[in-house]
Amino acid sequence: TRKPLFPGHNTQHQLDLIIGLLGSPEGEELMKIPNQKCRKFIKSLPSTPGSPFPEVFGDMSPDAQDLLALTLRWDPESRISVYEAIQHAYLEKLHCPEDEPTREPLDTSDFEFERRKITAAALREEIFREALLYHPALAAKFDQELRESGSCYDIHDYRLLVPGESQ
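Here's a quick rundown of the structure. Note that the coordinates shown come from a computational prediction; the quantities given were computed from them, not determined experimentally.

### Digging into the nonpolar core
1) Next: Counting residues in hydrophobic clusters, the biggest one holds 14 residues, and the most contacted among them are Leu 21, Ile 33, Ile 42, Phe 53, Leu 72 and Trp 74.
2) Next: Among the elements of the structure, α1 (11-22) and α3 (36-44) are those that each provide at least two residues to this core.
3) Next: The element that contributes the greatest number of residues to this core is α1, accounting for 4 residues.
4) Next: If near-sequence neighbours (up to four positions away) are discounted, Trp 74 is found in contact with Leu 15, Ile 18, Ile 19, Leu 22, Gly 23, Ser 24, Pro 25, Glu 29, Ile 33, Ile 42 and Arg 79.

### Overview of helix α7 (residues 120-132)
1) Next: If you check α7, its first and last C-alpha atoms are 19 Å apart, about what 13 residues at 1.5 Å a residue would give, namely 18 Å.
2) Next: Those residues of α7 lying buried are Ala 122, Glu 126 and Leu 132. The arc that holds the buried residues of α7, viewed along the axis, is 120 degrees, so those residues lie on one side. Seen from the open side of α7, the exposed residues pointing more than 90 degrees away from its buried face are Ala 120, Arg 124 and Ile 127.

### Side note on the environment of Ser 166
1) Next: Within the fold, Ser 166 resides in the segment after α8 (136-149).
2) Next: The exposure class of Ser 166 is exposed, given its relative accessible area of 56%.
3) Next: The spacing of Ser 166 and Lys 32 is 134 residues in sequence and 17 Å in space, taken between C-alpha atoms.
4) Next: Beyond its immediate stretch of four places on either side in the chain, Ser 166 contacts Lys 117 and Leu 161.

### Re the side chain of Arg 39
1) Next: On the secondary structure map, Arg 39 appears in helix α3.
2) Next: Summary of buried charges: Arg 39 has no salt-bridge partner, and the nearest side chain of opposite charge, Asp 75, is 12 Å away.
3) Next: At a separation of 2.5 Å, a polar atom in the side chain of Arg 39 contacts the main-chain carbonyl oxygen of Ile 33.
4) Next: Not counting residues within four places of it along the chain, the set of residues in contact with Arg 39 comprises Leu 30, Met 31, Ile 33 and Pro 34.

### As for α8
1) Next: Compared with the 20 Å implied by 1.5 Å per residue over 14 residues, the 20 Å span of α8 between its first and last C-alpha is a close match.
2) Next: Listed in full, the buried residues belonging to α8 are Ala 139, Phe 142 and Leu 146. Buried residues of α8 fall within an arc of 65 degrees about the axis and therefore sit on the same side. Facing away from the buried surface of α8 by more than 90 degrees, the exposed residues are Ala 137, Lys 141, Arg 147 and Glu 148.
3) Next: On the buried face of α8, the contacting elements are α7.
4) Next: The positive-phi residue at the C-terminal boundary of α8 is Gly 150, with phi of around 75 degrees.

How each quantity is defined
Residues numbered from 1 in each chain as written. Predicted model: local features only at pLDDT ≥ 70, side-chain atom pairs only at ≥ 80, totals over all residues. Heavy atoms only, no water. Core = buried A, V, L, I, M, F, W, Y, C linked by side-chain atoms within 4.5 Å. Buried < 20%, exposed > 50% of the residue type's maximum accessible area, 1.4 Å probe, protein only. Helix = DSSP H or I, 4+ residues; strand = E, 2+ residues; numbered from the N terminus. Contact = heavy atoms within 4.5 Å. Expected span 1.5 Å × (residues − 1). Arc of directions from axis to C-beta. Lys, Arg positive; Asp, Glu negative; His and termini not counted. Salt bridge = Lys/Arg side-chain N within 4 Å of Asp/Glu carboxyl O. Polar contact = N/O pair within 3.5 Å; in protein donor to acceptor, adjacent residues only side chain to side chain.

Shown next as structure tokens:
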């Protein structure tokens, strides 16, 4: 249909739309939502059973509805994986195993800075250092200049975000 599934005007409205389709998350599903304020808001709402996909998406093929149902879940661990999704019947005509490389999940330590409460200056520093990875000679020169000036920068000096906390 080429339009947003949940065109909320704000966070609360968007959650109302999602709950209207999926139903209220309960128990373990609710606890998997990382944002505490979001969980508290959802708990304050009346329990909603959700809507049957065939009623909401009657103009979609059953395969499309099935794939959508497998991806739209409160619990990320119960969602279909990308590897499983590309093999789904709805994507059968697009599936080409020879052209779909897979790999092990990335090491989350590569994204450590995203889990820290950092300043704009620290973010600029991280981007600059990432760019230096592609220019080893400049990186070596920069590191030497830092050592000579006694300057020290370490992303670990910034505290980790508390689950549910944002920048």
